[in-house]
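Coordinate inspection notes
Spelled out from the first residue to the last, the chains are:
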There are 2 protein chains.
Amino acid sequence: MTEHLFDDRRITAMGLFTEAFTGLTARVSGQLATHGLSLVEFEVLIRLARSPRSQLRMTDLAAQTQLTTSGITRVVDRLERTGLVRREACPTDRRSSFAVLTDAGRTRMEEVLPGHLELIEHWFTGRLMPDQLSQLLDSLRVVRDAVRPEATSGAARNASECETR
Amino acid sequence: MTEHLFDDRRITAMGLFTEAFTGLTARVSGQLATHGLSLVEFEVLIRLARSPRSQLRMTDLAAQTQLTTSGITRVVDRLERTGLVRREACPTDRRSSFAVLTDAGRTRMEEVLPGHLELIEHWFTGRLMPDQLSQLLDSLRVVRDAVRPEATSGAARNASECETR
DNA sequence: GCTCAACTATATCCTCAACAACTTTCCTCT
DNA sequence: AGAGGAAAGTTGTTGAGGATATAGTTGAGC
C-alpha cells in the first residue's frame, strides 16, 4: 500500500500538467516583467482590449479571470495609477463601474503583444506538430469544459445589456 | 492591426491551457482544503513520501517545487507545527537540514491520497480516451522539457550523496 | 410608496510567498 | 593553515490576493 501509491499514473499525469504549465507561465511572466506588467495585469488588459468599447464591468473582469472582485479592485487600482486603464461610471446602473482601456493602455498592449506571441510560439505552440497541437487543444478543451465553474454567459449578458447606453 | 491581434490562435491556445489548469487546480485545492492541506503543503508531503527515507533537503524541496528556499522554510515551519513533518540535521553537511515525513504525515497522506486520485481521475484523466490521454501527456512532456529551468539531476545527485550516512 | 433581498464595488484584516540581508558552514586556492 | 568565496537556511520587509464586512444601489413584492 505504500510506495507505488505515490507513483500512481494519475499523480504523474497531474505532475506533468503542473510542470508544463508553471514552467511556461514562468517564461511568460518573466517577459511581461520586462515591460512592467504582471501576469494578471496583462490578463486584464487583453480582456479589455478584446471587449467592445474596450471596457468591462469589474464583476465581469472578476468572472473572466481567476480573481475575486476585491482582487480586481486592486489590479485596476494599479493599472489606473500607471494610466493604462481608467474607471468610468455605468450610466444605467450606478452600482457598476467600468474599467476602460486607455489609449496608453492600448499602445502598451501593441508594444507587448508581438513579443508575447513569439514567446508562446517558441515555448509552446511551435514545439508541436500542427495536428499534435490541435489534438492537445482538443484535450485541454475537454478538461476546461469539465472543470469550468459555471456559466459565464450570464455575466456576458449583463455586460452587453448595460453597454447599450 | 487592432482587433484580430487579440484573438490570435496563440492567445487562445494559451488561454485554453490556463483555463484548464487553473480550473483543475481549483478543484484539487478545494478538496485538499477539506483535509486541512494547501496545495503546496500537499506537494511537499508527496515529494517527501516518494523519497527514500521519506526525507529531502530543504534545497532539494525548493528545486522540486515552485518555491524559493525561504518559501520552503515557511511551509516546513507550518507542517512541523502541525506535526506532519520534522526537521533533522544532515550528519554529513551541517549547513543542510532534512525535512522528514513523520508517521502522522504518512498517515495523513494515506487518508488524503485515495480521494485525491479519484478527483484527478474524475476531472482530468478519466475525461479522455486512453490514447487521447497518452497523446496529451506526450505533448505536455514536450512543453515541460522545453521550458524546464535546468537540470534537476544535480540536486538529485547531491541528495543521494548526502543521504549515505 | 415602502421594505427587504440581491447585487456591486470598496475597505479592512489576514495569509502567504518573493526578495534581500544575514549567519553558519563548507570548499578551494595559495 | 588561512583567506575568500560559495552554499544552505532563516528572518525582516514588502506586496499580492482571498475572506469578510460595509456602504451604496437596484428591483420585486406588498
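Residues numbered from 1 in each chain as written. Chains lettered and ligands numbered in written order. Predicted model: local features only at pLDDT ≥ 70, side-chain atom pairs only at ≥ 80, totals over all residues. Heavy atoms only, no water.

Counting from both sides, the interface comprises 57 residues of chain A and, opposite them, 57 residues of chain B. Taking both partners together, chain A and chain B bury about 5800 Å²; carbon and sulfur atoms supply 73% of that area. Summed over the shared surface of chain A and chain B, the result is eight salt bridges. Of the charged contacts, one joins Glu19 of chain B and Arg144 of chain A as a salt bridge, the two residues approaching to 3.8 Å between their closest N and O atoms. Linking chain A with chain B are four residue pairs in polar contact (both at pLDDT 80 or more), by the criterion used here. Elements with a contribution of two residues or more to the side of chain A that touches chain B: helix H1 (9–34), helix H2 (39–50), helix H5 (103–123) and helix H6 (130–147) of chain A. The dominant element in the side of chain A that touches chain B, judged by the number of residues it contributes, is H1 of chain A, at 17 residues. (Contact = heavy atoms within 4.5 Å. Buried area = accessible area lost by both parts, 1.4 Å probe. Salt bridge = Lys/Arg side-chain N within 4 Å of Asp/Glu carboxyl O. Polar contact = N/O pair within 3.5 Å; in protein donor to acceptor, adjacent residues only side chain to side chain. Helix = DSSP H or I, 4+ residues; strand = E, 2+ residues; numbered from the N terminus.)

All names here are of chain A. The sheet built from three strands is open, its strands ordered E1-E3-E2 with antiparallel pairing. The sheet is open, and its two borders are formed by strand E1 (55–57) and strand E2 (85–89), each paired with just one other strand. For this sheet the average axis-to-axis angle between neighbouring strands, irrespective of direction, equals 30 degrees. Inspection of the sheet shows E2 paired to strand E3 (residues 97–101) by five bridges, in the antiparallel sense. Paired with Ala89 across the bridge in E3 is Ser97. Packed onto the sheet, helix H4 (residues 69–81) meets E2 and E3 and runs at close to 115 degrees relative to E2. (Pairing = 2+ DSSP bridges. Axes fitted to C-alpha atoms, helices over the stretch in contact; angles between N-to-C directions.)

Around DNA strand D there are 23 residues in total, and Arg78 of chain A together with Thr59, Thr73, Arg74 and Arg87 of chain B lie nearest to it. The sugar-phosphate portion of DNA strand D accounts for 62% of its atoms within 4 Å of the protein, the bases making up the rest. Take Arg74 of chain A: an N or O atom from its side chain is 3.0 Å from a base nitrogen of DNA strand D. One of the backbone N or O atoms of Ser97 of chain B is found 3.1 Å from a phosphate oxygen in DNA strand D. No other element matches the five residues that H4 of chain A contributes to the surface near DNA strand D. (Near = heavy atom within 4 Å.)

Further remarks concern the protein's contact with DNA strand C. Near DNA strand C you find 22 residues, and of these Thr59 and Arg87 of chain A together with Ser70, Arg94 and Arg95 of chain B are the closest. Note that a phosphate oxygen of DNA strand C is positioned 3.3 Å from one of the side-chain N or O atoms of Arg57 of chain A. Contacts to DNA strand C include Arg94 of chain B, whose backbone N or O atom sits 2.9 Å from a phosphate oxygen. Of all the elements in the fold, those that place two or more residues in the surface near DNA strand C are helix H3 (58–64) and H4 of chain A together with helix H4 (69–81) of chain B.

Residues and elements named next belong to chain B. Here Val100 is to be found in strand E3 (residues 97–101). Owing to a relative accessible area of 5%, Val100 belongs among the buried residues under this scheme. Placed 55 residues apart in sequence, Val100 and Leu45 show a C-alpha to C-alpha distance of 9.2 Å. (Buried < 20%, exposed > 50% of the residue type's maximum accessible area, 1.4 Å probe, protein only.)

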